[in-house]
Each structure stands twice: as structure tokens, then as C-alpha cells.
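In case you want the letters, here they are:
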Amino acid sequence: MNDATWADGWLQRAQRIDSPHFGVRPEGTAISLAVIHSISLPPGEYGSDAIERLFTGQLDWDAHPYFERIRGLEVSSHFVVRRGGELQQFVSCDLRAWHAGLSSWRGRADCNDYSVGIELEGLEGEAFEPAQYDELARLLTELRCRYPLFGVAGHEHVAPGRKCDPGLGFDWPRLIEMLGWPRHFFPTEVAPPC
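Nothing here was measured: the structure is a model prediction, and the numbers come from that model.

What to know about the nonpolar core
F79, I118, L140, L143, V152, F170 and L175 are the most contacted members of the largest nonpolar core, which totals 32 residues. The leading source of residues in this core is helix α2 (residues 130-146), at six residues. Among all residues touching F79, those that are not within four sequence positions of it are W6, L11, L87, Q88, Q89, C93, V116, G117, I118, E119, L139 and L143.

Put into C-alpha cells, the structure is as follows:
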């Protein structure tokens, strides 16, 4: 049974942190895809507030040498699942977050228009935590109960060659088994390396 409570595209059980980086979805566009990402700032470091600062436009670009490489970047995602399974939401699902960039899923371009972006705190190629899989499966189930979701893909699948996340450390068979959804909801193969 789904006990999720939503208000204007906000999942009430998630920690709400409003991002200014969003837009309006094209009129009449249904949310049919979830795009799974991975993020850590700086890469491989966990637990800081750098992700929140990036998504809210408040990152101190001089705080770490890596941040110079992303200086001025304006991005967001709907959700972030932290290493311990904590869930944060930055953009209403009814709005368009800036997470996929130049992208296409099964011949349909501009994934940001019709997808929900979910960031897992982690690094491409490294393993994710059991609590993250538990939360991700719960979140995807809640999303599917509210929206006509019929696809789940990695950033690497919608932007192959340009993006590598969530990467080889992400256990797709585990997620597929946890959800029990039809196999055609998911990528058919591992994305080619970047």
C-alpha cells in the first residue's frame, strides 16, 4: 500500500530544500521516466552540504580545487538519496529540474521535459549503500503511484558517451528485483563506457 503524501509535486516525507534551478514542463507533458544519477562533491567525498549548495546556487567555488571545474554551473535534481538513505527534494516533480542535459530515451529527446531526476550520493564505478537501494525502491514506487512512470534509466543511458553515472557500481538487477516491475521498464544493457 502506498502511504506517500504529496502536495504540489512535493513528497512530504522528504526534506524540502528549494532550488532556484528549474523551469516549467511543456504543457500536457506526462512524467514517464525516472533518471538515476550519482553525485558527490568533491568527487568521492560524502556527507558535506556541497550538493545542497550546488543545487541552490550557493556553492563557494573557491572552497575546493575541484569546484573550479564546475564554476557557474546551474543544475538541480528533484531528489537526492544520501548514503544513509535520507531523502531530500529540491524541485517539485510537477516542474522541470535541470539534471539530464542533452539527452534522449528510446528515441524521445529532452529527458528533462518528461522525467524525474534522482541523485544517489556516490561515485561512478563505486558501490552504493543498501539504505540507498531501499529508499530508491520506495521512492520509485511512490512516484509510479502518482505519475504514469513506465521507464527507469541511468544518466549514462540517456546521455551515452557524455555521462557515466550511476556507473558500473550501480546494481540494476538488485533494483529490478526489489521493484518487481516489468523488465521493459529498465535499460536492456549496460551503457557503453564514457
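So that's the structure; there's more coming.
Concerning the environment of R71
Mapping R71 onto the fold places it in the loop between α1 (50-55) and β6 (79-81). Judged by its relative accessible area of 39%, R71 is partly exposed. As a C-alpha pair, R71 and L120 span 49 residues in sequence and 22 Å in three-dimensional space. Among residues more than four places away in sequence, those in contact with R71 are W61 and D62.

Some remarks on the pattern of salt bridges
One pass over the structure, following the stated rule, counts eleven salt bridges. The partner of R53 in a salt bridge is D49, and the shortest N-O contact between them spans 3.0 Å. For R53, a relative accessible area of 34% puts it in the partly exposed group. Given the relative accessible area of 39%, D49 is considered partly exposed.

Examining the packing of aromatic side chains
Enumeration according to the criterion identifies seven aromatic pairs in this entry. Look at F55 and F90: their rings are 5.2 Å apart centre to centre, the planes differ by 85°, and that puts the pair in the edge-to-face class. Separated by 35 residues along the polypeptide, F55 in helix α1 and F90 in the loop between β7 (87-89) and β8 (95-97) bring together distant segments of the chain. The exposure classification of F55 matches that of F90, with both residues buried. An angle of 25° between the planes, with centres 6.4 Å apart, marks the rings of W181 and F186 as stacked. Note on accessibility: W181 and F186 belong to one class, buried. Through a chain of ring-to-ring contacts, three or more aromatic side chains come together here, namely F128, Y133, F170 and W172.

Some words on α2
Since the α-helix advances by 3.6 residues per turn, residues separated by three or four positions end up pointing in the same direction. Between the first and last C-alpha of α2 there are 25 Å, a value that for 17 residues agrees with the 24 Å anticipated at 1.5 Å per step. Looking only at α2, the buried set comprises Q132, Y133, E135, L136, A137, L139, L140, E142 and L143.

Quick word on the environment of G154
Among the structural elements, G154 can be located in strand β12 (residues 151-154). According to the relative accessible area criterion, G154 is buried, its value standing at 0%. Sequence spacing of G154 and P166 is twelve residues, and the spatial spacing of their C-alpha atoms is 6.1 Å. Discounting residues that sit within four places of it in the chain, G154 has contacts with V35, I36, D165, P166 and W172.

Quick word on the sheet that holds strand β11 (residues 115-121)
A sheet is described by the order of its strands in space; here six strands give the open sequence β3-β7-β6-β11-β5-β12, paired in mixed fashion. Taken across any chain shown, the strands that pair with only one partner, and hence form the sheet edges, are β3 (15-16) and β12. Contacts from α2 reach β5 (33-39), β6, β7, β11 and β12 within the one sheet, and its direction differs from that of β11 by about 170°.

Points about the environment of S104
Along the polypeptide, S104 turns up in strand β9 (residues 104-105). Along the primary structure S104 and A159 are separated by 55 residues, whereas in three dimensions their C-alpha atoms are 6.7 Å apart. The contacts of S104, once residues within four sequence positions are left out, are A109, C111, H157 and V158. A distance of 3.4 Å separates a polar side-chain atom of S104 from the backbone oxygen of R108.

Cut-offs and rules
- Residues numbered from 1 in each chain as written.
- Predicted model: local features only at pLDDT ≥ 70, side-chain atom pairs only at ≥ 80, totals over all residues.
- Heavy atoms only, no water.
- Core = buried A, V, L, I, M, F, W, Y, C linked by side-chain atoms within 4.5 Å.
- Buried < 20%, exposed > 50% of the residue type's maximum accessible area, 1.4 Å probe, protein only.
- Helix = DSSP H or I, 4+ residues; strand = E, 2+ residues; numbered from the N terminus.
- Contact = heavy atoms within 4.5 Å.
- Salt bridge = Lys/Arg side-chain N within 4 Å of Asp/Glu carboxyl O.
- Phe/Tyr/Trp six-rings, centres within 6.5 Å; stacked < 30°, edge-to-face > 60°.
- Expected span 1.5 Å × (residues − 1).
- Pairing = 2+ DSSP bridges.
- Axes fitted to C-alpha atoms, helices over the stretch in contact; angles between N-to-C directions.
- Polar contact = N/O pair within 3.5 Å; in protein donor to acceptor, adjacent residues only side chain to side chain.

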